[in-house]
Amino acid sequence: MPDPVAELVERGMSLSAEDRARLVDLLLETLEGAPNPGVDEAWRAELRSRVSAYERGDAVLHDADAVIAEATRLVQ
């Protein structure tokens, strides 16, 4: 009996990376439901707030390497 998912994966692998990414996004949307405009706007407002804090010099910044090293230390 043919496996339709395996067949689709095989066909999908022949797509360009850009088209595969687009396909993944479209498939994920079917699992997550319709985008919630309220959530999108809330994220935009949060980003604006963080950028403003950074520009004013009010943001507390952390070195990415130090954060990753500390996270790694905590999980070991």
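Described in the following lines is the structure provided in the data block.

Here is what the cut-offs are and how they apply
Residues numbered from 1 in each chain as written. Predicted model: local features only at pLDDT ≥ 70, side-chain atom pairs only at ≥ 80, totals over all residues. Heavy atoms only, no water. Salt bridge = Lys/Arg side-chain N within 4 Å of Asp/Glu carboxyl O. Helix = DSSP H or I, 4+ residues; strand = E, 2+ residues; numbered from the N terminus. Buried < 20%, exposed > 50% of the residue type's maximum accessible area, 1.4 Å probe, protein only.

**Description of the pattern of salt bridges**
Per the stated rule, a full pass over the model turns up five salt bridges. For the salt bridge of Arg 44 with Glu 41, the shortest nitrogen-to-oxygen distance reads 3.2 Å. Pair noted here: Arg 44 and Glu 41 are both in helix α3 (residues 37-56), with a separation of three residues, about one helical turn. We classify Arg 44 as partly exposed; its relative accessible area is 42%. By relative accessible area, which is 35% here, Glu 41 ends up partly exposed.

**What about the environment of Pro 35?**
Here Pro 35 lies in the loop between α2 (17-32) and α3. The exposed category is assigned to Pro 35, whose relative accessible area is 58%. As for Pro 35 and Leu 15, which are separated by 20 residues in sequence, their C-alpha atoms are 26 Å apart.

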